[in-house]
Amino acid sequence: MSTDVRPTPAHGGPGRTAPEVPPPPRTGPLVALVAGREVLAQVRTRSFQVSTVILLLVVLAGVVLPSLLGGRFGGDTRVAVVAGAGAALEGREGFETVPADDADEARQLVRDEGVDAAVLPAPAASSGEGTGADVLVVARTEAPTALVEALSVTPEVELTDPDATPEALRFLVPFAFGLVFFMAALGSGTMIAQNTVQEKQTRVVEILLAAVPARVLMAGKILGNAALAIGQVAAIAAVAVVGLVVTGQDDLLTLVGAPVAWFVGFFVLGFALLAAIYAASASLVSRLEDVGSVLQPVTWLVMLPYFGVVFFSSNATVMTVLSYIPFSAPVAMPVRLFFGDAAWWEPLLALVLLAASTVVVVLVAARIYTRSLLRTGTRVRLRSALRERD
Amino acid sequence: MLVLEGIERSFGGRRVLQDVGFTVQRGRLTGFVGGNGAGKTTTMRIVLGVLAADAGTVTLDGTPLDAGRRRRFGYMPEERGLYPKMKVAEQLTYLARLHGWDAEAAARRAGDLLERLGLAERAGDPVETLSLGNQQRAQIAAALVHGPEVLVLDEPFSGLDPLAVDVVLGVLSDTAASGVPVLFSSHQLDLVERLCDDMVIIAGGRIRAAGAREELRERYGTRRHELVAAGDVGWLRQVPGVRVESFSGGSALFEADEATAQEVLRTALARGPVTTFAPVVPTLGEIFREVVAGPQDAGSDLGTGPAPDGTAAPVRPSLQEVSR
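Residues numbered from 1 in each chain as written. Chains lettered and ligands numbered in written order. Predicted model: local features only at pLDDT ≥ 70, side-chain atom pairs only at ≥ 80, totals over all residues.

- Chain B has the name ABC-2 type transport system ATP-binding protein in an unreviewed UniProt entry, where Cellulomonas marina is given as its organism.
- Looking at chain B in UniProt, the text filed under Sequence similarities (unreviewed entry) is "Belongs to the ABC transporter superfamily."
- Its UniProt record gives chain B the following Subcellular location (unreviewed entry) comment, quoted word for word: "Cell membrane". (UniProt positions renumbered as here; feature names shortened; annotations may be inferred.)

- The name given to chain A in an unreviewed UniProt entry is ABC-2 type transport system permease protein, and the organism recorded there is Cellulomonas marina.
- Here chain A is described in UniProt, under the heading Subcellular location (unreviewed entry), as follows: "Membrane".

**Quick look at the domain arrangement of chain B**
Now for step 1: If you check the domain split of chain B, you get domain 1 (2-218) and domain 2 (221-279).
Now for step 2: Computed from C-alpha atoms alone, the centre-to-centre distance between domain 1 of chain B and domain 2 of chain B is 44 Å. (Domains from an automatic or database assignment.)

**Notes on the UniProt feature "transmembrane region" (unreviewed entry) in chain A**
Residue and element names in this part refer to chain A.
Now for step 1: Per the UniProt record, the feature "transmembrane region" (unreviewed entry) sits at residues 50-69, 171-193, 222-246, 252-279, 300-327 and 347-369.
Now for step 2: Secondary structure within residues 222-246 divides into 100% helix and 0% strand; the distance between the first and last C-alpha atoms comes to 35 Å.
Now for step 3: Taken end to end, residues 347-369 is 100% helix and 0% strand, and its two terminal C-alpha atoms sit 31 Å from one another. (Helix = DSSP H or I, 4+ residues; strand = E, 2+ residues; numbered from the N terminus.)

**Considering the domain arrangement of chain A**
Now for step 1: Split by domain assignment, chain A resolves into domain 1 (30-66 + 165-387) and domain 2 (77-148).
Now for step 2: Put simply, the middle of domain 1 of chain A and the middle of domain 2 of chain A, counted by C-alpha atoms, are 56 Å apart.

**Side note on helix α4 (residues 103-116) of chain B**
Residues and elements named next belong to chain B.
Now for step 1: Over its 14 residues, α4 runs 20 Å from end to end, which matches the ideal 20 Å to within 8%, given 1.5 Å per residue.
Now for step 2: Along α4, the residues classified as buried are Ala106, Arg109, Ala110, Leu113 and Leu114. On an axial view of α4, the arc spanned by its buried residues comes to 130°, and they lie on one face. Exposed side of α4, more than 90 degrees from the buried face: Glu104 and Glu115 are the residues found there.
Now for step 3: Buried-residue contacts for α4 involve α3 (88-98) and α5 (132-144).
Now for step 4: Positive phi shows up at glycine 118, right after α4, with a value of about 70°. (Expected span 1.5 Å × (residues − 1). Buried ≥ 20, exposed ≤ 12 C-beta atoms within 10 Å, placed from the backbone. Arc of directions from axis to C-beta. Contact = placed C-beta atoms within 7 Å.)

Below, the structure written as structure tokens:
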């Protein structure tokens, strides 16, 4: 075409030293680089910082407050004691004794709110009536339960089935596992979707694609957000554990132990499964306004299993089914393990099923993602994203 | 050099590129000219491998391009885009790292480039806070930061003020001078005319002309001369071999071959003083119109519909409006 053949300067023409060419980057470090940017970009946003702090405070409050409220709210109970009547309280935790000279002074202290209650020697008349108690408790408006308990003789209790899970836990544990997975999946999924569309909308994606393959972008995005989600869950867990230990509820921890380890494994796979679907769905649209509608099906995939597990946690049949369906397995199987309802091979089988479907879904998602990223304008139809070549 | 041969591409049955082939030489700036929807962006995307061709080859120094080689290209897409909230220098560093530079080298390259593009003091600002012209410079920096082996820029000068055009041109010329083939598209024909060494003209998905700027001028534009004399030059119409294009009293614009033109000059001098006698070099706009709406394809449309790949066509003055 051109007949004008001028001497073409070799590499390193005027003003340049030897050509500098970096080694071709390998996929692993590239994915890590993309993931790192994803994490940094989000950690730096004010909304992420604020919501994380609030979330941690709520968890802390949820763990610590019940024990504070249920126990000795507002410090030790001050008790006025007359003569030797309060001997039973000596050395008891949670009570502070205030010596009083006689019953009248003790009653006055109670009325003046100088003490919370008073313990007097029981009047001869009442002790004679056979209540068994040799003291009289004086309080202002209602009987001080803790004090009465401390002064009572507690009968020996024998449990016929000490290992059974308390009824409250049967509800709480699925709820907790479910909530953690639900929040992480929904939160990160939405984040992945938004960032994907944002890259399309701001067109930065075309430059990125000129540098790295689409699947590297998708992998980095999922990995980055997974790291964030797992980091958040770990922070929540740490806060909860510290809270439980500090408030002396650490016996609960030993109960949860092994199922939590399983939960982590299921969580990671289940998360990848959903994250890939989020990324692929979002890649179909070009504007943030359209994200909501395209994410509807995925959102149901997250919510339905969650509600299923919470509502049917006592129904063995439903739970068994749910523990094998990839979308609900991450919550249902650890819950069954927690209640000791699953045989040893069941979590393994469920995990294999989950891993297999995750691999398939990730591959399909990467295909959709690759084909849709550069298509802007109207929403890309799923079928055409799958069928057409790139 | 970068060579395209026989590139074909259709979108949903609509053929947008047909037997597209041209050459981008090392060390030269090649301008890629065409109307909206003519196929420039699609061609560039195919060069970059962002889009696949249905047929045809793109080779660099005779070697077909693979994905790895293409990743060493520099690309400024038609649709500008950087992460709005990311800082300029950080963003460029990130892009250089995506191309394989280690963190330190990437940061150094980003800093140097921002310095050269006059953007150094905005290095720490988020992209979204930059003016459009500065965003454009950042975008150009994004195409250059990794030290590309081939540079492909889609409308790099749109939205730049004249000073910025000079700065960017300087950087592009340096890049070309270092032996990098540089291809850029533009609809600002006067700019292309001033800046590039080679030109490629595309219309309706086909290459209509390609070659060195001067060579195209020779080949396409009609050679015309301007004559301004003291007296009336109406006699020109009677000279054989002369076609008068415009005429008013003492001045005329006429077509004639070189010998006839010299003859005309002699006649004019014999008749009285001549104030102006000069060849009129055809503008790129004229060449473009001739090439695009030439006899071989009369009534070819510039294609002002939506871009073939489904992207909304940006509203721009058409080529003819600009060049007129």
